[in-house]
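A look at the structure
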Amino acid sequence: MENILIIGAAGQIGSELTLALRKIYGNEHVFATDLIKPSKDISKEGPWAILDVLDNKRLVHYVIRHKITQIYHLAAVLSSNAERIPIQAWNINMDGLMNILDLAKEIPEIKKVFWPSSIAVFGPTTPRQNTPQLTITEPSTVYGISKIAGERWCEYYYKNYGIDVRSIRYPGLISYKTEPGGGTTDYAVEIFYEAVRTGKYECFLEKDTYLPMMFMSDAIQATINLMEAKPEKIKVRSSYNLGGVSFSPDDISKEIKKHIPDFEITYNPDFRQQIAESWPESIDDKKAQEDWGCKTTVEIEEMTKLMLEGVKEKLTK
Ligand code: NAD
Ligand code: SER
């Protein structure tokens, strides 16, 4: 029997991944934890707790008490927030991961660990189109530095201690259930909220800034596929590229105009422009497709429709 611990369950990914895993493993077997209380549908239907990933003592007690067999460690400070508090962000991102890897090393009942990396591992010297799995990784943000260091540690723990740790370099994730937590790709979610609320949006990136993005349902499916694959299928123990769809603020605003013809977008780029320009415009995820079968199913047209419907419903409630 599996007992799954999610750390960062109240966040943009955790709030949807927790529910998806509860459908597979049963509500009582998926333990949602975070620094803040998760949404009602998570806290009412299954176990949850306030838990700081940096509080090693409580973490060990929690894992032993609930006979945890898998950990999804999602807690992190994302790219734009991390630039505001670089040392604190480094400590949270790195110490959190090291606590989890060490826990998996010390407690043999923990069979699998999931930890997300990001397109932020790439930097200004990386080829930006169709960025390959193996390429130059010289990130220029503290977030990216923490993710590339994390990837190296994951591979190290796999090779030296046999820890079955698996990882995906998520592109920017698009969803309406929980708002994003301070990343550079957040414009592509904010734009839908502002389109519905006010009919206009001032974008913090330039019109033609292309970035790889993915609708949340595809990201959740990819995560589950990766975690359910047989260990011998997982050939990359640092982190897998995941492609998604590539679009710019101009592309998405044109899609929104098809639904809200009077929608207006203006551009006022800030420090996040430089971060976006250091990241790939599109990603090659052939390796993930070959090894465990990732697939992008939601393209920009459907994503726009789903986001507008979801945001409208959320704001009406
Ligand atoms: P988020 O900011 O929405 O959620 C993170 C959650 O972690 C928050 O609820 C926060 O309260 C919690 N948290 C922070 N510090 C904690 C601590 N010390 N102990 C316990 N919980 C703590 O982030 P997200 O978008 O859900 O991202 C989850 C993971 O996926 C992160 O590692 C992030 O780097 C990675 N990722 C996200 C995206 C994206 O577009 N959302 C893209 C690439 C990678
Ligand atoms: N969406 C994330 C960010 O912008 C990418 O890791 O920080």
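Only a predicted model underlies this, so the values are computations on that prediction, with no experimental measurement involved.

Section: the overall build of the protein
In terms of regular secondary structure, the protein is built from 12 helices and 14 strands. Expected size for 317 residues packed as a compact globule is a radius of gyration near 20 Å; at 19 Å, the protein falls within 12% of this value. Buried residues in the protein amount to 56% of all 317 residues. With the model as given, the accessible surface of the protein reaches about 14000 Å², and the carbon-plus-sulfur share is 51%.

A word on the layout of surface pockets
Looking at the largest pocket, its volume works out to about 930 Å³. Around the largest pocket, the lining is made up of 45 residues, and of these Leu74, Ala75, Ala76, Val77 and Leu78 lie nearest the centre. Elements with a minimum of two residues in the lining of the largest pocket: α4 (79-84), α5 (86-106), β6 (117-118), α6 (142-161) and β9 (172-174). For the lining of the largest pocket, the residue count by class is 24 nonpolar, 16 polar and 5 charged.

Description of the site of ligand 1
Taken together, 24 residues sit near ligand 1, with Gln12, Ile13, Asp34, Asp52 and Tyr143 positioned nearest. At 2.9 Å from an oxygen atom of ligand 1 is found a main-chain nitrogen or oxygen belonging to Ile13. About the coverage of ligand 1: the protein hides 92% of its 820 Å² of free accessible area. Those elements that place two or more of their residues in the shell around ligand 1 are β6, α6 and β9.

Description of a nonpolar patch on the surface
A contiguous nonpolar patch, built from Trp153, Tyr156 and Tyr161 and spanning about 300 Å² of accessible area, is present on the exposed surface. Relative to the helices and strands, Tyr161 is located in helix α6.

Thoughts on unusual backbone geometry
For Lys67, which is not a glycine, the phi torsion comes out positive at approximately 50°. With respect to the helices and strands, Lys67 occurs in the loop between α3 (56-65) and β4 (70-73). In this structure, Asn130 takes a positive phi of about 50° despite not being glycine. Following the sequence through the fold, Asn130 ends up in the loop between β6 and α6. The class of Asn130 is partly exposed, set by a relative accessible area of 47%.

Observations concerning the site of ligand 2
Every residue near ligand 2 is listed here: Leu78, Ser79, Ser118, Tyr143, Gly183, Thr184, Thr185 and Trp279. With respect to ligand 2, the side chain of Tyr143 contributes an N or O atom lying 2.8 Å from an oxygen atom. Note that a nitrogen atom of ligand 2 is positioned 2.7 Å from one of the side-chain N or O atoms of Thr185. Within the complex, the protein chains bury 93% of what would otherwise be the 240 Å² of accessible surface of ligand 2. If you map ligand 2 onto the pockets, it falls in the largest pocket.

About the criteria used
- Residues numbered from 1 in each chain as written.
- Chains lettered and ligands numbered in written order.
- Predicted model: local features only at pLDDT ≥ 70, side-chain atom pairs only at ≥ 80, totals over all residues.
- Heavy atoms only, no water.
- Helix = DSSP H or I, 4+ residues; strand = E, 2+ residues; numbered from the N terminus.
- Rg over C-alpha atoms; globule rule 2.2 N^0.38 Å.
- Buried < 20%, exposed > 50% of the residue type's maximum accessible area, 1.4 Å probe, protein only.
- Areas by Shrake-Rupley, 256 points an atom, 1.4 Å probe, with all protein chains shown as cover.
- 1 Å grid on protein atoms, 1.4 Å probe; cavity = no way out; pocket = protein on both sides within 12 Å on 5 of 7 lines; lining within 4 Å.
- Points joined across faces, edges and corners; volume = space filled by probe spheres on them.
- Nonpolar A, V, L, I, M, F, W, Y, C, P; charged D, E, K, R; others polar.
- Near = heavy atom within 4 Å.
- Polar contact = N/O pair within 3.5 Å; in protein donor to acceptor, adjacent residues only side chain to side chain.
- Patch = residues over 30% accessible without salt bridge, like charges linked within 9 Å, V, L, I, M, F, W, Y side chains within 5 Å.
- Salt bridge = Lys/Arg side-chain N within 4 Å of Asp/Glu carboxyl O.
- Sits in = over half its atoms within 2 Å of the grid points.

Honestly, it's all geometry; don't read function into it.
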